[in-house]
Amino acid sequence: MPGIKNFKGKVAVITGAGSGIGRATAHAFAKEGAIPVIADIHEERIENVEKEIKALGVEVSSMVADVSDRAQVEAFSKFVLDRYGRVDILHNNAGIGWGGPLEVFPLEDFQKVMEVNFWGVIYGVQSFLPRMIEQKSGHIVNTASGAGLNGVIPLGAYSASKFAIVGYTEVLRAELRRHNIGVTAVCPGIINTNIVKDGKATLIEGASADQEKMTAFYKRFGWPPERVAKGVLKGIRKNRAIVPVGPEVWILWYIKRFSITLADLINSIFARMAL
Ligand code: NAD
């Protein structure tokens, strides 16, 4: 039965670990005695997180890698496997939060969102999975989003990428059980990280939700990323299929399962408020 109960000495690979949820997850694994191997596209950030974890007296390694580039993800996997010979946990977490109404959202930006949020996860799985299958153990966590369970306005491209991750993860989980490998989709709600500030917004004239307001909103009302990290570790221990984080995700998810009509009405209200 998949599910890692004790993280001591386990090699935990985390992408997008230079900030927010990935950084918090790396710290949480370090505190549990795992060996975090972390990657990010942002060199200074990943070096800083490596230093923070080293300062705790924990073994850690890092590499700069862009998850949307297949060759770089394969190089990262080679780096991990050459150094440690195994991979116990793979947390495909890197993502970008580019948003805007679909009628004006540039196609190049749509492609970029899919390349990072969707293909980044696929490249991660393809690169590390053969070793996990050989080991007959391991756990893969893919960071989806509450926006992968309910469409979020005006984040059409982002929601599409995260719905894709939820579907992909569901199938992967069922297929990998025979190899004793667990698979989890973590679906956070509003989390106070750099994602909105670092993101890109395409707006239509007169829109009320601009990037500055959203950044302030996430800062004020967002849950700390450590809450997601806790969910990730619990999700692995219990081998959960989906880990929603935050009441906003649970409530909207339950409403949708209870009544599509009601969920549709709520979305129309959100659209009227946001556009
Ligand atoms: P964040 O911006 O704080 O951290 C994301 C990290 O990913 C950054 O350090 C960034 O440099 C890195 N990154 C971006 N593009 C990359 C690439 N191509 N290759 C490698 N690294 C890259 O944001 P976060 O909120 O911690 O986001 C982590 C994940 O959580 C994302 O997948 C995001 O979609 C998801 N998520 C976030 C929230 C939220 O409210 N913050 C909610 C649901 C899901």
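A brief report on the enclosed structure follows. (Residues numbered from 1 in each chain as written. Predicted model: local features only at pLDDT ≥ 70, side-chain atom pairs only at ≥ 80, totals over all residues. Heavy atoms only, no water.)

## Quick word on the sheet that holds strand β6 (residues 181-188)
Taken in spatial order, the 7 strands make up an open sheet running β3-β2-β1-β4-β5-β6-β7, and their pairing is parallel. Bordering the open sheet on either side are β3 (61-64) and β7 (242-245), each of which pairs with just one other strand. Neighbour-to-neighbour, the strand axes of this sheet turn through a mean angle of 15°, independent of strand direction. Sheet topology note: the strand β1 (residues 11-15)/strand β4 (residues 89-92) ladder contains 3 bridges and is parallel. The residue bridging Ala-12 from the neighbouring strand is Ile-89, located in β4. Docked against the sheet, helix α1 (residues 20-31) engages β1, β2 (35-40), β4 and β6, running at close to 170° with respect to β1. (Pairing = 2+ DSSP bridges. Helix = DSSP H or I, 4+ residues; strand = E, 2+ residues; numbered from the N terminus. Axes fitted to C-alpha atoms, helices over the stretch in contact; angles between N-to-C directions. Contact = heavy atoms within 4.5 Å.)

## Some remarks on the packing of helix α4 (residues 107-135) against helix α5 (residues 156-176)
Axis separation between α4 and α5 bottoms out at 8 Å; the angle between their running directions is 15°. Here α4 is positioned roughly parallel relative to α5, judged by the angle of their axes. Note on packing geometry: the crossing formed by α4 with α5 is right-handed. Seen from α4, the contacting residues are Phe-110, Val-113, Met-114, Asn-117, Phe-118, Val-121, Ile-122, Val-125 and Leu-129; seen from α5, they are Ala-157, Tyr-158, Ala-160, Ser-161, Lys-162, Ala-164, Ile-165, Tyr-168, Leu-172 and Leu-176. Residues that form the contact of α4 with α5 fall into these classes: 16 nonpolar, 2 polar and 1 charged. (Parallel < 35°, antiparallel > 145°, perpendicular 65-115°, else oblique. Left-handed = near helix turned anticlockwise from the far one by under 90°. Nonpolar A, V, L, I, M, F, W, Y, C, P; charged D, E, K, R; others polar.)

## Considering the pattern of salt bridges
Following the criterion strictly, the structure yields 10 salt bridges and no others. Between Asp-88 and Arg-86 there is a salt bridge whose closest N-O contact spans 2.6 Å. Overall, the relative accessible area of 2% leaves Asp-88 in the buried class. With a closest N to O distance of 3.1 Å, Asp-198 and Lys-197 form a salt bridge. For Asp-198, a relative accessible area of 39% translates into the label partly exposed. Residue Lys-197 is classed as partly exposed on the basis of its relative accessible area, which comes to 48%. Through salt bridges with shared partners, a single network forms among Arg-45, Lys-197 and Asp-198. (Salt bridge = Lys/Arg side-chain N within 4 Å of Asp/Glu carboxyl O. Buried < 20%, exposed > 50% of the residue type's maximum accessible area, 1.4 Å probe, protein only.)

Structural measurements only, silent on function.
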